[in-house]
Amino acid sequence: MPPGKRAQHLRRRGAADWEIDVLPASTLSACIEWQFAEAGDLAARIHAAKAQGFAAVEFHLWRDKPVEAMAAALADTGIELTGLCVDPRRSIVDPAERAEMVAAVRETIAATACLGKPPLIVASGFRVEGMSEADHFANAVAALKEAAALAEEAGVMLLLEPLNTRLFSAMYLVSTTLGLDLVEAVGSPNLRLLYDVWHSAVMCEDIAEVLKGRIDLVAHIQVADMDDRNEPGTGTVDWPHVMRTLDDLGYAGAIGMEYFPTLPMDQSLEQTRKTLGL
């Protein structure tokens, strides 16, 4: 989505009262890993997403997916791919895995170029026992710099994603602030943060606090509600606060619907748009 497209549809009424014009579903990116499952494989899900009015989708790992068929589906529908994961996942903090991590980035760039050179999502991997915080950080920066150099050469964006300790108790990167610090330290225009509202909420972060003054380092946002990672509006996340904060910060990118739907997709989309004000 072009920068500023969301912002031009936002109408501010006051500090505590705001209104958003209805936007097309292209503002949202469907997670076809978990959504439109009834349509079949991921290529079929791309067509199903198009039928629901989406202009963007995302998914997870690619090695077990019909990549060529998905490329054809993307071409047929004109849908944009807003993200997929570097595969296989390897640690950015363990020096013993660095060569494999960089190789995974290189292979993923090559294998998914036919999908339109989508952004590639990188997770940190697990903490290394006995390693200091300083060494964890230094190793992560070194690995990400190598990966970012490949991304720059290929014209691809890498998205570093903080996760949470509920799902991954030993994961290194479970803090948005730390993730932004890493992006800043690497200093590459081809490395940005993926901010996931659900992971952040699990870690009891406040979006306004952790993203203040640093939204330029965020290239994609994903949403799901607490506690069970379902549609926005099914749980306890303060969505007016989330969306008001994104408005205030000037976020203009797509919003990924990375949640497990509890409703048929037409109803799930309707609820998500209503809750987010999109």
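Report follows, based on the coordinates. (Residues numbered from 1 in each chain as written. Predicted model: local features only at pLDDT ≥ 70, side-chain atom pairs only at ≥ 80, totals over all residues. Heavy atoms only, no water.)

### Some points on the packing of helix H1 (residues 42-51) against helix H2 (residues 67-77)
For any two helices packed against each other, the geometry is given by the interaxial angle and the distance between the axes.
So, step 1. It is the contact of H1 with H2, at a shortest axis distance of 8 Å, that shows an interaxial angle of 15°. Taken as axis vectors, H1 and H2 run roughly parallel relative to one another. When you trace H1 past H2, the crossing you get is right-handed. Each of Leu42, Ala43, Ile46, His47 and Lys50 in H1 lies in contact with H2, whose residues at this interface are Ala69, Met70, Ala73, Leu74, Asp76 and Thr77.
So, step 2. Broken down by class, the residue content of the contact of H1 with H2 amounts to seven nonpolar, two polar and two charged. (Axes fitted to C-alpha atoms, helices over the stretch in contact; angles between N-to-C directions. Helix = DSSP H or I, 4+ residues; strand = E, 2+ residues; numbered from the N terminus. Parallel < 35°, antiparallel > 145°, perpendicular 65-115°, else oblique. Left-handed = near helix turned anticlockwise from the far one by under 90°. Contact = heavy atoms within 4.5 Å. Nonpolar A, V, L, I, M, F, W, Y, C, P; charged D, E, K, R; others polar.)

### Concerning the side chain of Asp225
So, step 1. Relative to the elements of secondary structure, Asp225 occurs in the loop between strand E9 (218-222) and helix H8 (239-249).
So, step 2. A polar side-chain atom of Asp225 sits 2.7 Å from the main-chain amide nitrogen of Gly233.
So, step 3. Ignoring anything within four residues of it in the chain, the contact list for Asp225 reads Trp198, Asn230, Glu231, Pro232, Gly233, Thr234, Gly235, Thr236, Val237 and Trp239. (Polar contact = N/O pair within 3.5 Å; in protein donor to acceptor, adjacent residues only side chain to side chain.)

### Structural notes on the pattern of salt bridges
So, step 1. Here the structure, examined in full by the defined rule, presents 10 salt bridges.
So, step 2. Among the ionic pairs, Lys65 bridges to Glu33, the shortest N-O distance being 3.4 Å. Taken together, the positions of Lys65 in the loop between strand E4 (56-58) and H2 and Glu33 in the loop between strand E3 (28-31) and H1 put the pair 32 residues apart, joining distant regions of the chain.
So, step 3. Judged by its relative accessible area of 14%, Lys65 is buried. (Salt bridge = Lys/Arg side-chain N within 4 Å of Asp/Glu carboxyl O. Buried < 20%, exposed > 50% of the residue type's maximum accessible area, 1.4 Å probe, protein only.)

### What about the packing of aromatic side chains?
So, step 1. Taken as a whole and assessed by the stated rule, the structure comprises two aromatic pairs.
So, step 2. Between the aromatic rings of Trp34 and Phe260, the centroid separation amounts to 4.0 Å while the plane-to-plane angle is 25°, which identifies the pairing as stacked. Of this pair, Trp34 sits in the loop between E3 and H1 while Phe260 sits in the loop between strand E10 (255-257) and helix H9 (265-276), and the two are 226 residues apart along the sequence.
So, step 3. On the basis of relative accessibility, which here comes to 35%, the residue Phe260 falls in the partly exposed class.
So, step 4. Taking 6.1 Å as the distance between ring centres and 85° as the angle between the ring planes, the aromatic pair formed by Phe36 and Phe54 counts as edge-to-face. In this pair, Phe36 sits in the loop between E3 and H1 while Phe54 sits in the loop between H1 and E4, placing the two residues 18 residues apart along the sequence. There is no split in this pair, since Phe36 and Phe54 are both buried. (Phe/Tyr/Trp six-rings, centres within 6.5 Å; stacked < 30°, edge-to-face > 60°.)

### What to know about the pairing of E3
So, step 1. Neither face of E3 is open: one carries Leu28 and Ala30, the other Ser29 and Cys31, and all of them are buried.
So, step 2. In this sheet, E10 lies alongside E3 in parallel orientation, the contact comprising three bridges. Bridge pairing links Ser29 to Gly256 in E10.
So, step 3. Where E3 and E4 come together, two bridges link them in parallel fashion. Each bridged residue has a counterpart across the sheet, and for Cys31 the counterpart in E4 is Glu58.
So, step 4. Between E3 and its parallel partner E4, the chain crosses via H1, and the hand of that crossover is right-handed. (Pairing = 2+ DSSP bridges. Right-handed = clockwise from strand over helix to strand, strands pointing away.)

### Comments concerning H9
So, step 1. Look at H9: 16 Å from first C-alpha to last across 12 residues, which is about the 16 Å you get at 1.5 Å a residue.
So, step 2. Every buried residue belonging to H9 is among Met265, Ser268, Leu269, Thr272 and Leu276, and all of these are buried. The arc that holds the buried residues of H9, viewed along the axis, is 100°, so those residues lie on one side. The exposed set on the far side of H9, more than 90 degrees from its buried face, consists of Glu270 and Lys274.
So, step 3. Of the residues flanking the end of H9, it is Gly277, one or two places downstream, whose phi is positive at about 75°. (Expected span 1.5 Å × (residues − 1). Arc of directions from axis to C-beta.)

### Section: helix H4 (residues 133-154)
So, step 1. Relative to the 32 Å expected for 22 residues at 1.5 Å per residue, H4 spans 31 Å between its end C-alpha atoms, a close match to the ideal helical length.
So, step 2. Within H4, burial applies to His136, Asn139, Ala140, Val141, Ala143, Leu144, Ala147, Ala148, Leu150 and Ala151.
So, step 3. Elements that come into contact with the buried residues of H4 comprise helix H3 (98-111), strand E6 (120-122), strand E7 (158-160), helix H5 (176-186) and strand E8 (191-196).
So, step 4. Once H4 ends, the next one or two residues include Gly155, with phi positive near 70°.

### Let's talk about the side chain of Thr176
So, step 1. Inspection of the secondary structure puts Thr176 in helix H5.
So, step 2. Apart from the residues within four sequence positions on either side, Thr176 is in contact with Pro162, Leu193, Tyr195, Ser200, Glu205, Val210 and Leu211.

### Some thoughts on the environment of Val197
So, step 1. Examined against the element boundaries, Val197 turns out to sit in helix H6 (residues 197-202).
So, step 2. Exposure remark for Val197: the relative accessible area of 4% places this residue in the buried category.
So, step 3. Taking the C-alpha atoms as reference points, Val197 and Ile221, 24 residues apart in sequence, are found 7.3 Å from one another.
So, step 4. With sequence-adjacent residues up to four places away left out, Val197 is seen in contact with Ile221, Gln222, Val223, Val237, Trp239 and Val242.

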